[in-house]
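# Overview (structure and organization)
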Amino acid sequence: LRQALADRHVAVGDLEEAAEVLARAVWTGPGDTHPDNTPLLSCWEHLVECGFTRAHQCLRLGYIAVLWARRLAERSHEDAEAYTAELRSRRVVERRAKIERAAARARRHLVAARSLFESELARLDEVRE
């Protein structure tokens, strides 16, 4: 249910709320659940038994991170509005670092999803034999 709700938030562009909904599906403790701070599989895999569900959770978290990185990149024009050249330069560096972190997090989530999906496919092959 939370995955479907997160999909709805993504569809309307509310990445912050989508990240919150997905994170709260597996992480009930306090903490910031912003799109660039979503829990990695190693933090919650023991809480979800179904590999297929874990794979979908990782896929969605990865997709949100990809969309977040794109949004940061698309808003780079905002850095030009800084008052001084020094501030503009600092904002550019900070934005690049945020984009890099989001891309790295997306990659970790998506690699985990791929591995989990491959595992589920292998289990399917075992059933067929």
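## Remarks on the confidence of the model for the protein
Of all residues in the protein, 96% have pLDDT values of 70 or greater, and the mean over the chain is 88. Averaged pLDDT values over the elements of the protein bottom out at 84 in helix 3 (residues 41-44) and peak at 93 in helix 4 (residues 51-74).

## Focus on the nonpolar core
A general trend in soluble globular proteins is that nonpolar side chains are found buried together. Grouped together as the largest cluster of nonpolar side chains are 23 residues, with contacts concentrated most on Val10, Leu41, Trp44, Cys58 and Ile64. Breaking this core down by element, the ones donating at least two residues are helix 1 (2-11), helix 2 (15-26), helix 3, helix 4 and helix 5 (85-128). If sequence neighbours within four positions are ignored, Val10 has contacts with Leu15, Ala18, Tyr63, Ile64 and Leu67.

## Structural notes on the pattern of salt bridges
This model, assessed by the stated rule, comprises six salt bridges. Notably, a salt bridge pairs Glu120 with Arg123, separated by 3.2 Å at the nearest N-O pair. Of the two residues, Glu120 and Arg123 are both situated in helix 5; the distance of three residues between them amounts to about one turn of the helix.

## Description of the state of the cysteines
Applying the stated criterion across every chain, the model contains zero disulfides. Sulfur of Cys43: no disulfide; nearest cysteine sulfur belongs to Cys58 and is 11 Å away. Accessibility expressed as a relative area gives 34% for Cys43, which makes it partly exposed. No disulfide involves Cys50; its nearest neighbouring cysteine sulfur is the one of Cys58, lying 12 Å away.

## Describing helix 5
Compared with an ideal rise of 1.5 Å per residue, which puts 44 residues at 64 Å, helix 5 spans 64 Å between its outermost C-alpha atoms and is within 8% of the ideal. For helix 5, the full list of buried residues reads Arg95, Ala102, Arg105, Ala106, His109, Ala112, Ala113 and Leu116. The inward-facing, buried residues of helix 5 abut helix 3 and helix 4.

## Some points on the side chain of Gln57
Take Gln57: it is sitting in helix 4. At 2.7 Å, the side chain of Gln57 forms a polar contact with the backbone oxygen of Leu22. Not counting chain neighbours up to four residues away, the residues in contact with Gln57 comprise Gln3, Leu22, Ala25, Val26 and Trp44.

Thresholds applied
- Residues numbered from 1 in each chain as written.
- Predicted model: local features only at pLDDT ≥ 70, side-chain atom pairs only at ≥ 80, totals over all residues.
- Heavy atoms only, no water.
- pLDDT = per-residue confidence, 0-100.
- Helix = DSSP H or I, 4+ residues; strand = E, 2+ residues; numbered from the N terminus.
- Core = buried A, V, L, I, M, F, W, Y, C linked by side-chain atoms within 4.5 Å.
- Buried < 20%, exposed > 50% of the residue type's maximum accessible area, 1.4 Å probe, protein only.
- Contact = heavy atoms within 4.5 Å.
- Salt bridge = Lys/Arg side-chain N within 4 Å of Asp/Glu carboxyl O.
- Disulfide = S-S within 2.5 Å.
- Expected span 1.5 Å × (residues − 1).
- Polar contact = N/O pair within 3.5 Å; in protein donor to acceptor, adjacent residues only side chain to side chain.

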